[in-house]
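# Structure assessment
The residues making up each chain are set out below.
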Amino acid sequence: MNFNESVTVICASKYFDTTQMRKLYQKQIFHFGENRVQDMLKKMDELADLAITWHFIGHLQTNKVKEMINRIDYLHTLDRISLAESIQKYAYQSVKCFVQVNLTEEDQKSGINPNNLTQFLLDIRKYDKIEVIGFMTIGKDNDLSATEDAFRMLDSLASQNNLAFRSMGMTNDYEIAIKHHATHLRIGRKFLEML
Ligand SMILES: *Cc1c(COP(=O)(O)O)cnc(C)c1O
């Protein structure tokens, strides 16, 4: 895999065990993203000797914040005020967060509705443990056209809000994401090619 140097490639490692992650690390993959708190904490312990940058990319329950928030480098899934409140309560230092935006009009999917985004950004300003660095979105399954619309919208929302970072793009749609100025790709299955 060959990506532009200005794009951070995060290995979405939910598919991989720590032996496989070590192998990827030896191949210069230093960013890993996990979806489940318990799995991530276990992997962090097993890989404590490596200088990994840890991203949390899954839905985060407020009752899990305390045990993980001071161990991650980036949170990609800030999607509600109650989560911000919990982070405010338990984080020792400010946490670099992407606000997750739902741009595919799928009700089952997490993320702030774009119509509510401006208000959400205002509402979380009072939490000094939240540092919003960008937006994150997930494309629509089996619909590259709707996915491209979503990525284009995320790019323009980030620009409008003067945010530098855009977390978008997975195995099936990362090329579209790069076209729309993704700065952080979350790639899972494609890493099987490197193992
Ligand atoms: C699993 C996952 C990915 C990576 O998915 P692939 O299609 O395997 O590349 C990216 N983002 C999130 C939030 C995921 O859960």
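All of the points below concern the structure found in this document. The model shown is predicted, which means the values in this text are computed figures rather than measured ones.

### A word on the overall build of the chain
Secondary structure summary: the chain contains 7 helices and 8 strands in total. Over its C-alpha atoms the chain spans a radius of gyration of 16 Å, differing by no more than 12% from the 16 Å that the globule rule assigns to 195 residues. In terms of its C-alpha atoms, the chain occupies a principal-axis envelope of roughly 45 × 40 × 30 Å. When the 195 residues of the chain are sorted by exposure, 51% land in the buried category.

### A short note on the side chain of Glu148
Structurally, Glu148 can be placed in helix H6 (residues 144-160). With relative accessibility at 17%, the residue Glu148 sits in the buried group. Apart from residues no more than four positions distant in its own chain, Glu148 is found in contact with Ile176, Lys179 and His180.

### So, the pairing of strand S3 (residues 53-56)
Bridging between strand S2 (residues 31-34) and S3 involves 4 bridges; their strand directions are parallel. What sits directly across from Gly33, in S3, is His55. Handedness of the β-α-β unit built from S2, helix H2 (residues 37-46) and S3 comes out right-handed. Pairing analysis gives 2 bridges linking S3 to strand S4 (residues 74-78), with the strands arranged parallel. If you follow Phe56 over to S4, its bridge partner there is Leu75.

### Brief notes about the site of the ligand
The immediate surroundings of the ligand are formed by Ala12, Lys14, Tyr15, Asn35, Ile57, Met170, Thr171, Arg186, Ile187, Gly188 and Arg189. The side chain of Lys14 places a nitrogen or oxygen atom 2.7 Å from an oxygen atom of the ligand. The backbone of Gly188 places a nitrogen or oxygen atom 2.8 Å from an oxygen atom of the ligand. Taking 380 Å² as the accessible area of the ligand by itself, protein coverage stands at 92%. Class assignment of the residues belonging to the shell around the ligand gives a composition of 5 nonpolar, 3 polar and 3 charged.

### Structural notes on the side chain of Glu34
Examined against the element boundaries, Glu34 turns out to sit in strand S2. Engagement of the side chain of Glu34 in a polar contact is seen with the side chain of Lys43, the distance being 2.8 Å.

### Let's talk about the pattern of salt bridges
With the rule as written, the count across this model stands at 11 salt bridges. Here Arg80 ties to Asp79 by a salt bridge, and the two come within 2.7 Å at their closest N and O atoms. Judged by relative accessible area, which is 10%, Asp79 ranks as buried. Within the structure, one salt-bridge network assembled from shared partners comprises Glu148, Asp149, Arg152 and Lys179.

### Digging into helix H4 (residues 81-90)
Buried within H4 we find Leu83, Ala84, Ser86 and Ile87. Buried residues of H4 fall within an arc of 160 degrees about the axis and therefore sit on the same side.

### Thoughts on unusual backbone geometry
The phi angle at Asn142 is positive, at roughly 55 degrees, despite the residue not being glycine. Residue position: Asn142 is located in the loop between strand S6 (130-136) and H6. In the Ramachandran plot, His181 falls in the positive-phi region, its phi being about 70 degrees despite a non-glycine side chain. Examined against the element boundaries, His181 turns out to sit in the loop between helix H7 (174-179) and strand S8 (184-187).

About the thresholds
- Residues numbered from 1 in each chain as written.
- Predicted model: local features only at pLDDT ≥ 70, side-chain atom pairs only at ≥ 80, totals over all residues.
- Heavy atoms only, no water.
- Helix = DSSP H or I, 4+ residues; strand = E, 2+ residues; numbered from the N terminus.
- Rg over C-alpha atoms; globule rule 2.2 N^0.38 Å.
- Buried < 20%, exposed > 50% of the residue type's maximum accessible area, 1.4 Å probe, protein only.
- Contact = heavy atoms within 4.5 Å.
- Pairing = 2+ DSSP bridges.
- Right-handed = clockwise from strand over helix to strand, strands pointing away.
- Near = heavy atom within 4 Å.
- Polar contact = N/O pair within 3.5 Å; in protein donor to acceptor, adjacent residues only side chain to side chain.
- Areas by Shrake-Rupley, 256 points an atom, 1.4 Å probe, with all protein chains shown as cover.
- Nonpolar A, V, L, I, M, F, W, Y, C, P; charged D, E, K, R; others polar.
- Salt bridge = Lys/Arg side-chain N within 4 Å of Asp/Glu carboxyl O.
- Arc of directions from axis to C-beta.

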